[in-house]
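Notes for the structure review
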Amino acid sequence: VVSAGGRLFSILDEGPTSSVQLPPRWCLVARDAFSGVRLWTRPIESWESHLSLAQNGPPELSRRLVACGDRVYVTLGIDAPLTALEAATGTTVQMYAGTERAEEVLYDASILFAIVRSTHAMETLGSRTSGERTVVAFDARTGNMLWGKPGAQSVPMSLAVGSGRVFYLNDTAVVCLNAKDGREMWRTPRAVAPQRPRWSAPTVVVQGDVVLCADR
């Protein structure tokens, strides 16, 4: 659930409740934050299996929905590209080419930052390595890709943005990129568990000129 401009947005399974075996009906729902009145609904064709145990993850599903001002940014399917919607009506206003299989999305200073596993995005950036994660940045209003950094191999839920920088964790380090051009500014080695449960995720917080990391 996310909130902006007096509205609440959430991704829900509104399928029948008489049996867990019945098919899900995933959708994005917008409500008035004061009254709870439903404003609009957008269907989501495919999502993570509703039969998966909660502790199996993936935890980064909660990073696929962002609300800011008069826009909502969401992936309307498990492999769907990132889409911008009007917060008041749910109407599509922008789609971001090359963001299929986006795993995480953040918004800061009119720029969308995403972790993407999309073949389209990787080919655009000259990389064809299967399963490779790429950090990408888009102008939120125009939809133009500003930069991309292939080979990030980021740990789920570790993407963070602040103070003109982008941060993420990989298996060996904390990595810092320049938010304007994606140039690597520094990386600091860190200890990491050799194995990670699928539901496990680190915590990364940026405040002012400090970045805080907590992990297993």
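Summary of the structure given here. As the structure is a prediction and not an experimental result, all values here were calculated from the model.

1. Re the overall build of the protein
On a plain count of helices and strands, the protein comes out with 1 helix and 18 strands. For the protein, the proportion of its 216 residues judged to be buried stands at 44%. Of the accessible surface of the protein, which amounts to about 10,900 Å², a share of 52% is contributed by carbon and sulfur atoms. Taken as two groups, the 22 positive and 21 negative side-chain charges of the protein have centres that lie 2 Å from each other.

2. A short note on the nonpolar core
If you look at the biggest cluster of nonpolar residues, it comprises 16 residues, and the most contacted ones within it are F9, L28, V72 and L85. Only β3 (26–32), β5 (65–68) and β6 (71–75) provide two or more residues apiece to this core. Residue contributions to this core peak at 3 residues, all from β3. Ranked by size, the runner-up nonpolar core spans 15 residues in total, among them L106, W147, V175 and A179.

3. Comments concerning the sheet that holds strand β15 (residues 173–178)
One open sheet accounts for 4 strands, arranged β13-β14-β15-β16; its pairing is antiparallel. The open sheet terminates on both sides in strands that have one partner only, identified here as β13 (160–162) and β16 (184–189). Across this sheet, the average inter-strand angle for adjacent strands is 20°, counted without regard to direction. Bridge analysis of β13 against strand β14 (residues 165–169) gives 3 bridges, and the strand direction is antiparallel. Across the sheet, G162 pairs through a bridge with R165, a residue of β14.

4. Quick notes on the packing of aromatic side chains
Taken as a whole and judged by the stated rule, the model has 5 aromatic pairs. Their ring planes at 20° and their centres at 5.6 Å tell us that Y73 and Y107 sit as a pair that is stacked. Here the residue Y73 occupies a position in strand β6, and Y107 occupies one in strand β9 (residues 102–108), the gap between them amounting to 34 residues. We classify Y73 as buried; its relative accessible area is 1%. Assessed through its relative accessible area of 26%, Y107 is described here as partly exposed. With a centroid separation of 5.7 Å and an interplanar angle of 70°, the aromatic rings of Y96 and F138 are classed as edge-to-face. Taken together, the residues Y96 in the loop between β8 (92–95) and β9 and F138 in strand β11 (residues 134–139) connect sequence positions 42 residues apart.

5. Quick word on the environment of V1
Along the polypeptide, V1 turns up in the segment before β1 (2–4). V1 gets classed as exposed once you look at its relative accessible area, which sits at 79%. When the C-alpha atoms of V1 and D32 are compared, they prove to be 13 Å apart, with 31 residues separating the residues in sequence. Apart from the residues lying within four places of it in its own chain, the contact partners of V1 are F9 and S10.

Cut-offs applied
- For every chain, the first residue of the written sequence is number 1, and numbering continues from 1 onward in sequence order.
- Thresholds applied to this predicted model are a pLDDT of at least 70 for local features of residues and 80 or more for the giving and counting of side-chain atom pairs; totals over whole chains, interfaces and linings are not thresholded and use all residues.
- Excluding hydrogens and water, the side-chain figures rest on all heavy atoms present in the structure.
- In this description a helix means any DSSP run of H or I spanning at least four residues, a strand means any run of E spanning at least two, and both kinds are numbered starting from the N terminus.
- Think of it in three bands: residues with accessible area under 20% of the maximum for their type are buried, residues over 50% are exposed, and the middle band is partly exposed, with areas taken using a 1.4 Å probe on protein chains only.
- Areas reported as accessible are Shrake-Rupley estimates using a 1.4 Å probe. Residue values count occlusion only from the protein chains shown.
- Counted as positive: Lys and Arg. Counted as negative: Asp and Glu, with His and the chain ends omitted from the count.
- To locate a charge, the coordinates of NZ of Lys, CZ of Arg, CG of Asp or CD of Glu are taken.
- We call a set of buried residues a nonpolar core when its members are Ala, Val, Leu, Ile, Met, Phe, Trp, Tyr or Cys and they connect through side-chain atoms within 4.5 Å of each other.
- DSSP-based pairing: two strands are paired if at least 2 bridges between them are found.
- As a rule, the C-alpha atoms of each element are fitted with a line to give its axis, helices using only the stretch in contact, and angles between N-to-C directions run from 0 to 180 degrees.
- Aromatic rings from Phe, Tyr and Trp, with only the six-membered ring used for Trp, were paired whenever their centres fell within 6.5 Å, and each pair was classed as stacked if the ring planes differed by under 30 degrees, edge-to-face if by over 60, and tilted otherwise.
- Contact between two residues is taken to exist if any of their heavy atoms lie within 4.5 Å; hydrogens are not considered.

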